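Coordinate inspection notes
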Amino acid sequence: MAHTGQVGITISSHFNLLLLMKAVPTGKVHFSAVTPTVSGEYSHQRDRAPMASRLSFTHLRLEAELERYRAECQWDKMPMVIDQMKAARFHEDDDYGTLLMAEVLLEECLQDNMDMLQTSTPLTEKTHPRLSRAKGHLNTILGRGLLTPRYLNEALLLMAKVHYVQGRYRDAQGMCARVGLEELTRDEQPTYHLRLLAEAFVIKGLSLDHQTVSSVSRVRLSEREEESLSCYLQACDASLSYLQELDKTVAAPHTKTAKASLLPPVDVDLGYFLQASLQSAYLCLLQRGHLAQGAHQLRRVLRVVEARGSQSFRKSAARKLAEVLLSAVSEDSYWPPLGPPPSSWLHREGAAVSKDATYPTVKPPQRYSTDCCFCPQDVLEEAVLLLLITESMASGEAVISRLPDQAEAREASLQDANSVYDLLTIGMARRGQYGMLSECLERAMKFSFNEFHLWHQLGLSLMAAGKGVGAVSVFKECARMRPEDPSLPLLAAKVCIGQLHWFEEAEALSQSVASMGEEAGELLPRAFLSLGLCYSLQASDATLKADRDEFHIKALRVLSKAHSLDPQDAQIAMYLALQLALVRQVSAAIEPLQAALNLRGDDLHSLHLLTLLLSAQKQHRHALDTLGLALSQHPGNFNLLFTKVKLEEALFGPAAALQTCEEMLQQWLSRYDVSRSSETDDSSSILMPERTEVSPGPRKPSIHLTLPNFQDASTGSLSPSSVAVSRLESALSEVSDLSSVRRQGPTYIWTTLERIWLQAGELFMGDGRLKEAQFCIAEASSVSPNSYSVLLQRGRLAELRGQLDDAKGLYDEALAIHPTEECTLVQMGRLLVKTERTHLGEKVLRDAVQVHSTSHEAWSGLGEALQSRGSSQAPDCFLTALELEASCPIRPFNIIPREL
């Protein structure tokens, strides 16, 4: 350290000090690491070397403690050291002690009034005595002029603070202009000088921004904005450098402060001006609409080597950057984190280069190396990574204590966490990562007791991720927090109906909303709709006819009630029509369905139901035309396409319908990429990513997606039978390949493929082409070997080939999986009657009639069984079958999904 006597002294021990005292004339030696220089006229007080040694060591220790406390902003500990310094009669010749006391009073006043500072409310001397005393001390110091230039700079900066907090921004700017920044930017300066440097820049910038601009020209205003931004950028870098240097001094203290190393490190409480110096640069850019430069500045500060006091700031900066990326940066306009903003963005913001290149800093902080580091590839990836890091910090720092004195801190940490989880919800929802989102929100439950928003978000994420049981439990907890909110039980009922099939639970939840009456408001009709769906679904599951009829009556009653409460709800009208169709009141179903279509003419389920109602009235041509309209509104919907296949089979025969099956296979292949894993969870409600074309390449196809045609003998030198055998062997050999692909993606896409192959096999069987049917069934079996539908079709194929015992065994296996499946019961009953086991066949068919009372095929099969043994009840069964067949749709009405 430099002294006026041109002698540099480093004191490490008493022995070295004595040697130096003997080598240098007494009048030229001065001992100070931080304090102002002492002139030679006072050297008579140190005329003896031993006394000078003891005094200087105490002097160094006290000043090292003061330097440390000023660096770490431990203002409460400084008065005691100042008193010790005065008792030792140090700095009697200047106002250094008064300067320190003024700083202590001012900083403690600012700490107690952070709220007023954040709202730019001026502080007055009358109501803030410590501010008044600090200002008095500073006026005295500046008036006497006893300080050296170094400490005079500090006094000027403290006075600039006083003027700023009092709202005298022009005076504050003037004080900052008088500060000699070269004194604060020299090498080997104490750590707290970096803090003072950052505060000097930010006070100047804030003062420029607060001054009135009514009479200032636009050119001058632009110059002032650029000057304030330059101050903010330099303040940010200086404050980051200060925090890094502070970490170094704590980790490896100087030998002269060895005693300080025994003390535990103290967390730095960043005051208002330090916080402002860290945040003002990017906030200023963003507020002025310079989004690209604001994002660039945020990336710059996040690449700075982390310091002990910067964690809270880094958390805020990461959250702000994620917010900017999610709200303002599209996938196409994204630029890599390590590169500068695109020139198009800069030109739009009126700049040629980024501001950090325009205004180089005087004290750049240390930054992480970018070698071999991971770099996000798109905007969502960067935003989600930032938020996951922020979420980890927020959940780790959350206040979980429920003590009353922790209420304010708990509320602040909760608001902080809420903002992070809301942004995480936005980012992850865009990628369909609801499973990961629900895991993040579950971690927040440890500090979210009775916090409705986070519980509600958790319930919604669990519902979207397909975790129905957890979602219902969470929504029930939300309903406990807000019993007056009718939407919460209905959300739980929605999950019970759609995912869990807990119809009794859904009924109870819906009834709780219906019992609220007018308090439920506009959700009252939805509550009755939910009740009606519960009753309708319970009717479909009921095994006894009496129970089924009772549920149907209840469903019609509550759905009619819902429709009367809200006749403008298209969904309620559609479900009322569906319920009427389920009880075969086809003509009555037309009226509410027409009302639904008047309200929403492009509704998928309404158009599909109209198609089925027309087919039930045997108007197959009109039904096919209506289906074409529905497909024009919803192209590629497989449920509509399956209905189209049935209508084409009824109108034009199996050959025409097979063409639609071929188109369905190609649509399935073009929509779902089975060669890669899905980005979404297997249980997620989000569709797999679609693609516009099939990926080219020589990879071996794991699925045949072309219907066979073994009747064409021109396929080469092989005979049709040889072609059939080779293709069947090929299909069967790829079961193991497909089983590995089967693990990828949501389950429903593979169920769809299985249904397409089975539908094609059924058409081939109807056309008498059993080899082709066998091929299709083998393909379906490779997709889902244990499906009862596959076993049923295999049994039908075996029965057509005369292999009756094999057919019965396959039907038995299918019934073991699904004991009440209509087609399997009918096929089994008729097979038993055909093999002269009439009584057993009659029992199976009676079971089918009991479960499926509207199945004309079951009644017809029972009539055949009774007729074979000469029963007089056979004609009644045939008449019932004819009556039901007259109102039977081309596909069952229950293919229309019943869900909220």
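As the structure is a prediction and not an experimental result, all values here were calculated from the model.

Some remarks on the overall build of the protein chain
The helix and strand tally for the protein chain stands at 41 helices and zero strands. Among the 900 residues that make up the protein chain, the fraction classed as buried is 51%. Split by element, the accessible area of the protein chain, about 41,300 Å² in all, is 52% carbon and sulfur.

Let's talk about the environment of Met516
Residue position: Met516 is located in the loop between helix H23 (503-514) and helix H24 (524-541). Classification of Met516 by relative accessible area gives buried; the value is 19%. Leaving out residues up to four positions away in the same chain, Met516 has contacts with Pro483, Glu484 and Pro486.

Re helix H6 (residues 129-144)
The end-to-end C-alpha separation of H6 is 23 Å, in line with the 22 Å expected for 16 residues at 1.5 Å each. Among the residues of H6, those classed as buried are Leu131, Ala134, Lys135, Leu138 and Ile141. Looking straight down H6, one finds its buried side chains confined to an arc of 125°; they lie on one side. Exposed residues on H6 whose side chains face more than 90 degrees from its buried face are Pro129 and Gly143.

A closer look at the side chain of Ser448
Looking at the element boundaries, Ser448 is found in the loop between helix H19 (434-443) and helix H20 (452-464). Residue classification places Ser448 among the buried positions, given a relative accessible area of 0%. With residues up to four places along the chain from it excluded, the contact list for Ser448 reads Leu454 and Trp455.

Some thoughts on the environment of His453
Turning to its location among the elements, His453 is positioned in helix H20. Linking His453 and Asp422, residues 31 residues apart in sequence, is a C-alpha distance of 9.7 Å. Look past the residues within four positions of His453 in its chain and what remains in contact with it is Asn418 and Asp422.

Brief notes about the side chain of Ser228
If you trace the backbone, Ser228 turns up in helix H11 (residues 218-251). Using a relative accessible area of 0% as the deciding quantity, one classes Ser228 as buried. Within the structure, Ser228 has its side chain in polar contact with the backbone oxygen of Glu225 (distance 2.8 Å).

Some words on the nonpolar core
In this structure, Leu99, Leu138, Tyr164, Tyr421, Leu609 and Phe893 are the most contacted members of the largest nonpolar core, which totals 223 residues. Not counting residues up to four positions away in its chain, the partners in contact with Tyr164 are Tyr169, Ala172, Ile203, Leu206, Ser207, His210, Tyr272 and Phe273. Formed by 27 residues, the second largest nonpolar core is a distinct cluster that contains Ala807, Leu810, Leu825 and Val849.

Here's the deal with the environment of Ser510
Its place among the elements puts Ser510 in helix H23. By relative accessible area, which is 0% here, Ser510 ends up buried. Placed 16 residues apart in sequence, Ser510 and Lys494 show a C-alpha to C-alpha distance of 9.4 Å. Ignoring any residue separated from it by four or fewer positions in sequence, one finds Ser510 in contact with Ala493, Ala527, Ser530, Leu531 and Cys534. A polar side-chain atom of Ser510 sits 2.8 Å from the main-chain carbonyl oxygen of Ala506.

Considerations on helix H35 (residues 770-783)
Relative to the 20 Å expected for 14 residues at 1.5 Å per residue, H35 spans 20 Å between its end C-alpha atoms, a close match to the ideal helical length. Among the 14 residues of H35, 11 are classified as buried, and the element is accordingly described as predominantly covered. All of the buried residues in H35 are Glu772, Ala773, Phe775, Cys776, Ile777, Ala778, Glu779, Ala780, Ser781, Ser782 and Val783.

Describing unusual backbone geometry
Non-glycine residue His501 carries a positive phi angle of around 60°. With respect to the secondary-structure elements, His501 resides in the loop between helix H22 (487-500) and H23. Its identity as a non-glycine residue notwithstanding, Glu836 has a phi of 65°, on the positive side. Structurally, Glu836 is set in the loop between helix H38 (822-834) and helix H39 (838-851).

What to know about empty space enclosed by the protein
For the structure shown, the criterion picks out five cavities of 30 Å³ or more. Approximately 130 Å³ is the volume found for the largest cavity. Where the lining of the largest cavity is concerned, the elements lending two or more residues are helix H4 (96-112), helix H10 (192-210) and helix H12 (272-287). Its residues assigned to classes, the lining of the largest cavity comprises seven nonpolar, two polar and five charged.

What about the pattern of salt bridges?
By the definition in use, this model includes 42 salt bridges. With a shortest N-O distance of 3.8 Å, Glu72 and Arg68 are connected by a salt bridge. You can see Glu72 and its partner Arg68 sitting in helix H2 (residues 49-72), four residues apart, about one turn around the helix. Each member of the pair, Glu72 together with Arg68, is buried.

Some remarks on the packing of H20 against H22
Direction vectors running N to C along H20 and H22 enclose 15°, while the axes themselves pass 11 Å from each other. Here H22 runs roughly parallel to H20, going by the angle between their axes. By crossing handedness, the relation of H20 to H22 is classed as left-handed. Taking contact as the criterion, the partners of Phe452, His456, Leu460 and Met463 in H20 are, on H22, Leu488, Leu491, Lys494, Val495 and Gln499.

Some remarks on the confidence of the model for the protein chain
Mean pLDDT for the protein chain: 83, with 82% of residues reaching 70 or above. Within the model, the stretch residues 254-264 combines pLDDT values under 50 with eight contacts to residues more than four positions away or in other chains. A low-confidence stretch, residues 676-680 (pLDDT under 50), is modelled with 14 contacts involving residues beyond four sequence positions or located in other chains.

What counts and how
- Counting of residues starts from 1 at the beginning of each chain's written sequence and follows it residue by residue.
- Per-residue local features are limited, in this predicted model, to residues with pLDDT of at least 70; the limit for side-chain atom pairs, both in listing and counting, is 80 or more; totals at the level of whole chains, interfaces and linings are taken over all residues.
- Excluding hydrogens and water, the side-chain figures rest on all heavy atoms present in the structure.
- The helix count covers DSSP runs of H or I at least four residues long, the strand count covers runs of E at least two residues long, and both are numbered beginning at the N terminus.
- Classification of residues uses two cut-offs on accessible area relative to the type maximum, computed with a 1.4 Å probe and protein chains only: under 20% is buried, over 50% is exposed, and between them is partly exposed.
- Reported accessibility uses the Shrake-Rupley method at a 1.4 Å probe radius. Residues are deemed covered only where the shown protein chains occlude them.
- Here, two residues are considered to be in contact whenever any of their heavy atoms come within 4.5 Å of each other.
- Here the expected span of a helix is defined as 1.5 Å times the quantity of residues minus one.
- Our arc is simply the arc of the directions from the helix axis toward the C-beta atoms.
- Any pair of N or O atoms that falls within 3.5 Å is considered a polar contact. Within protein, one atom must be able to donate a hydrogen and the other to accept it, and sequence-neighbouring residues count only if both atoms are side-chain atoms.
- For the purposes of this section, nonpolar cores are sets of buried Ala, Val, Leu, Ile, Met, Phe, Trp, Tyr and Cys residues that join through side-chain atoms within 4.5 Å.
- A 1.4 Å probe that fits into a set of points on a 1 Å grid over the protein atoms alone but cannot get out defines a cavity; an open set with protein on both sides within 12 Å along at least five of seven lines defines a pocket, and lining residues are those with an atom within 4 Å of a point.
- Grid points are joined across faces, edges and corners, and a volume is the space filled by probe spheres set on the points.
- Throughout this entry, Asp, Glu, Lys and Arg are counted as charged residues, while Ala, Val, Leu, Ile, Met, Phe, Trp, Tyr, Cys and Pro are counted as nonpolar. The remaining residues, Gly among them, count as polar.
- Basic side-chain nitrogens of Lys or Arg form a salt bridge, by our definition, when they fall within 4 Å of a carboxyl oxygen of Asp or Glu.
- Inter-axis angles, ranging from 0 to 180 degrees, are taken between N-to-C directions of lines fitted to C-alpha atoms, where helices are fitted over the stretch in contact.
- Note that the term roughly parallel is reserved for angles under 35 degrees, roughly antiparallel for angles over 145, roughly perpendicular for angles of 65 to 115, and oblique for everything else.
- Here a crossing is called left-handed whenever its near helix is offset anticlockwise from the far helix by less than a right angle, and right-handed whenever the offset is clockwise.
- Per-residue confidence from the predictor is reported as pLDDT, which spans 0 to 100.

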